[in-house]
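Listed below, chain by chain, are the residues.
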Amino acid sequence: MTGDGYRDGPETRTELLERAAAYAETVPLDVDTDSIEWSVSDRARRRAGCCLFDGEAVEIRLTWDAYRAAGWRQFTATIRHELIHAWQFQRFGEADHGEQFAAQAARLDAPRHCERFSDARLRLACAREDCGWSADRYRASPPVKEPRAYQCGDCGGALVVVHESGERWRTAAGYQGARERIEEW
Ligand SMILES: [Zn+2]
Ligand SMILES: [Zn+2]
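About the criteria used
Residues numbered from 1 in each chain as written. Chains lettered and ligands numbered in written order. Predicted model: local features only at pLDDT ≥ 70, side-chain atom pairs only at ≥ 80, totals over all residues. Heavy atoms only, no water. Helix = DSSP H or I, 4+ residues; strand = E, 2+ residues; numbered from the N terminus. Buried < 20%, exposed > 50% of the residue type's maximum accessible area, 1.4 Å probe, protein only. Contact = heavy atoms within 4.5 Å. Areas by Shrake-Rupley, 256 points an atom, 1.4 Å probe, with all protein chains shown as cover. Lys, Arg positive; Asp, Glu negative; His and termini not counted. Charge placed at Lys NZ, Arg CZ, Asp CG, Glu CD. Donors = N, O, S within 2.8 Å, 3.2 Å for Na, K, Ca; no water. Tetrahedral: all angles 85-135°; square planar, octahedral: opposite > 155°, others 65-115°. Axes fitted to C-alpha atoms, helices over the stretch in contact; angles between N-to-C directions. Parallel < 35°, antiparallel > 145°, perpendicular 65-115°, else oblique. Left-handed = near helix turned anticlockwise from the far one by under 90°. Nonpolar A, V, L, I, M, F, W, Y, C, P; charged D, E, K, R; others polar. Expected span 1.5 Å × (residues − 1). Arc of directions from axis to C-beta. Pairing = 2+ DSSP bridges.

Undergrad: Mind showing me how you'd approach the overall build of the protein here?
TA: Looking only at helices and strands, the protein features 6 helices and 7 strands. Order of helices (α) and strands (β) in the protein, N terminus to C terminus: α-β-β-β-α-α-α-β-β-α-β-β-α. When its C-alpha atoms are laid out on the principal axes, the protein stretches across 60 × 35 × 25 Å. Classification of the 185 residues of the protein by burial places 43% in the buried group. Pairs at least 24 residues apart make up 52% of the contacts formed inside the protein by residues separated by at least 6 positions. For the protein, the exposed area adds up to about 10500 Å²; of that, 43% sits on carbon and sulfur atoms. Mean positive and mean negative side-chain charge positions of the protein (26 and 32 charges, respectively) differ by 8 Å.

Undergrad: For this particular structure, what's the right way to read the coordination of the zinc ion (ligand 2)?
TA: Distances from the zinc ion (ligand 2) to its protein donors, Cys126 (SG), Cys131 (SG), Cys152 (SG) and Cys155 (SG), fall within 2.2 to 2.3 Å. Because the angles between the 4 donor atoms bound to the zinc ion (ligand 2) fall within 99 to 116 degrees, the donor set is best described as tetrahedral. For the zinc ion (ligand 2), all donor residues lie on one chain, and their spacing in sequence is C-x4-C-x20-C-x2-C. With cysteine 126 in strand E4 (residues 122-126) and cysteine 152 in the loop between helix H5 (142-145) and strand E6 (159-163), this residue pair connects regions lying 26 residues apart in the sequence.

Undergrad: Explain the packing of helix H3 (residues 72-92) against helix H4 (residues 99-108) to me, please; I cannot follow it from the model alone.
TA: The geometry of a pair of packed helices is captured by two quantities: the angle between their axes and the separation between those axes. Where H3 meets H4, the axes come as close as 10 Å, and the angle between the chain directions of the two elements is 140 degrees. When the axis of H3 is compared with that of H4, the two are oblique. The two elements H3 and H4 cross, and the hand of that crossing is right-handed. Contacts between H3 and H4 involve Arg80, His81, Ile84, His85, Trp87, Gln88 and Phe92 from the first element and Gln100, Phe101, Gln104, Ala105 and Leu108 from the second. Within the contact of H3 with H4, the residues separate by chemical class into 6 nonpolar, 5 polar and 1 charged.

Undergrad: Can you walk me through helix H1 (residues 13-26) in this structure?
TA: An α-helix turns once per 3.6 residues; consequently, residues spaced three or four apart project the same way. Over its 14 residues, H1 runs 20 Å from end to end, which matches the ideal 20 Å to within 8%, given 1.5 Å per residue. Among the residues making up H1, those that are buried are Leu16, Ala20, Tyr23 and Ala24. Mapping the buried residues of H1 onto a view down its axis gives an arc of 105 degrees, with all of them on the same face. Seen from the buried face of H1, the exposed residues on the opposite side, beyond 90 degrees, are Glu18, Glu25 and Thr26. In the core, the buried residues of H1 are packed alongside strand E1 (36-41), strand E3 (58-63), helix H2 (64-70) and H3.

Undergrad: For this particular structure, what's the right way to read the pairing of E6?
TA: Regular strands have side chains that alternate between both faces of the sheet. Among the 5 residues in E6, 5 count as buried, and that is most of the element. Here E4 runs beside E6; their pairing, made up of 5 bridges, is antiparallel. Bridge pairing links arginine 123 to valine 162 in E6. In the sheet, E6 pairs with strand E7 (residues 168-169) via 2 bridges, with the strands oriented antiparallel. In the sheet register, valine 161 faces E7, and the bridge partner there is tryptophan 169. With antiparallel pairing between neighbouring strands as the criterion, E6 and E7 make up a hairpin whose turn holds 4 residues, including glycine 166 at a positive phi of roughly 105 degrees.

Quick look at the structure:
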């Protein structure tokens, strides 16, 4: 957990919402900030923020733990990212991370992909269905990169790695291929 300290940043959820809304006004993007609803999530585990759209109203939900981990200054990048989604929703009725998003993200120095502050997006599992052993992995550890070199601690069976994107692999080559295909690693 690093951060630039939140001595100078919001210390409560209410302050975070106020600060985020005020900060949004300063971002040079043609987005209707008045119609954005801001909320804080204490439950999100992976995403630093998200932008929701119900056909009329846009809501930007910020993750409290992600803010605490990042510090205010770094967290503003998440706010810019979500604002671009708000702009997409207001303008086009949908949002993605395509070329149009990329252009705005580059212009505003915002991350191209949704920021993840905690990412157990990998699961190492026993390939034997009758075993059922599995464990979350937060990064590309050696067994994730080359599952074949390891075995299930419970039954000695082969391992398979499952990424949240749905990609699965059992070999180092499989890992390499998946790594190239997975856009949001
Ligand atoms: Zn996004
Ligand atoms: Zn097993």
